[in-house]
Amino acid sequence: MLLVDDERALTRALSRGLTAEGFTVDVAHDGLTALDMAADGDYDVILLDIMLPGRHGYAVVEDLRAQGDHTPVLLLSAKDGEHDVADGLDVGADDYLTKPFSFVVLLARIRALLRRPPLTTDPVLNVGEVTLDPASRQVAVSGTPVELTAREVALLEYLMRNPGRAISKIELLDHVWGSGEDVNVVEVYVGYLRRKLGRDVVRTVRGAGYLV
């Protein structure tokens, strides 16, 4: 794994602990070095601080995703506001952990990310007039590109991979957000998709969930 944080005492402590748990750990102390190492290495997960010299953590995530690198990213930050968490997830991170954190919780979050199936270069998804390219994360309606956040794309992709099946809020929360979010966030993001793609794209099945 790649550990990126400019707090050297923290990276030393985490490196020792993670190595003792059987992980191989590479360390970077700034965003630009992290991008170079991510490009050259094949990491299972990236632990990434937000406030970094050289390149901000959010920008690092955006650069990785733009390059087609979908390595799971766990953001580590002292910022604990709900908007900070939302911003981190929206730029493409997979999880967010607030400092100070328990090492036990960190391990649990890492293992949860490692259990997720890897992304593959699947063909373009089509449901009705909506298309989604999983590789480029580009979405279009009737051929017209529509700009979505990373979280909106992830939600739409999961729905489109299960066309015609009503998917519960709990299942969507588990697969798109993971732990630490309220189930009502699913309804909020379904609303975002409807405003951007059309109200009939995502349908509500009473008592069962949502389908496309």
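Residues numbered from 1 in each chain as written. Predicted model: local features only at pLDDT ≥ 70, side-chain atom pairs only at ≥ 80, totals over all residues. Heavy atoms only, no water.

Enquirer: Kindly report on the packing of helix 7 (residues 169-177) against helix 8 (residues 184-197), identifying the contributing residues and their values.
Expert: Contact pair helix 7 / helix 8: the axes reach a minimum separation of 9 Å and the direction vectors enclose 80°. Taken together, the axis directions place helix 7 and helix 8 in an arrangement best described as roughly perpendicular. Where helix 7 abuts helix 8, its residues Lys169, Leu172, Leu173 and Trp177 lie against Val185, Val186, Glu187 and Tyr189. Classifying every residue of the contact of helix 7 with helix 8 gives six nonpolar, no polar and two charged. (Axes fitted to C-alpha atoms, helices over the stretch in contact; angles between N-to-C directions. Helix = DSSP H or I, 4+ residues; strand = E, 2+ residues; numbered from the N terminus. Parallel < 35°, antiparallel > 145°, perpendicular 65-115°, else oblique. Contact = heavy atoms within 4.5 Å. Nonpolar A, V, L, I, M, F, W, Y, C, P; charged D, E, K, R; others polar.)

Enquirer: Requested: an account of the layout of surface pockets, with residues and values cited.
Expert: For the second largest pocket, the calculated volume is near 270 Å³. What lines the second largest pocket is Glu82, His83, Val85, Ala86, Asp87, Leu89, Asp90, Trp177, Glu181, Asp182, Val185 and Tyr189. At the level of elements, helix 4 (82-90) and helix 8 are the ones that each hand at least two residues to the lining of the second largest pocket. A per-element tally of the lining of the second largest pocket places helix 4 first, with seven residues. When grouped by side-chain class, the residues that make up the lining of the second largest pocket number six nonpolar, one polar and five charged. (1 Å grid on protein atoms, 1.4 Å probe; cavity = no way out; pocket = protein on both sides within 12 Å on 5 of 7 lines; lining within 4 Å. Points joined across faces, edges and corners; volume = space filled by probe spheres on them.)

Enquirer: Describe unusual backbone geometry, and please don't skip the residues or the numbers.
Expert: Backbone torsion omega between lysine 99 and proline 100 reads -10°, so that peptide bond is classified as cis. Along the chain, proline 100 turns up in the loop between strand 5 (95-98) and helix 5 (103-115).

Enquirer: Hey, could you go over the pattern of salt bridges for me, with residue numbers and the actual values?
Expert: Applying the stated criterion to the full structure yields twelve salt bridges. With a closest N to O distance of 3.1 Å, lysine 99 and glutamate 7 form a salt bridge. Of the two residues, lysine 99 is situated in the loop between strand 5 and helix 5 and glutamate 7 in the loop between strand 1 (2-4) and helix 1 (8-20); the sequence distance between them amounts to 92 residues. With relative accessibility at 14%, the residue lysine 99 sits in the buried group. In this structure glutamate 7 comes out as partly exposed when scored by relative accessible area, which is 41%. Note that aspartate 95 and arginine 109 form a salt bridge whose closest N and O atoms lie 3.2 Å from each other. Placement of the pair is aspartate 95 in strand 5 and arginine 109 in helix 5, with a sequence separation of 14 residues. Here aspartate 95 matches arginine 109 in class, with each residue buried. Linked through salt bridges whose partners overlap, the residues forming this network are Asp5, Glu7, Asp49 and Lys99. (Salt bridge = Lys/Arg side-chain N within 4 Å of Asp/Glu carboxyl O. Buried < 20%, exposed > 50% of the residue type's maximum accessible area, 1.4 Å probe, protein only.)

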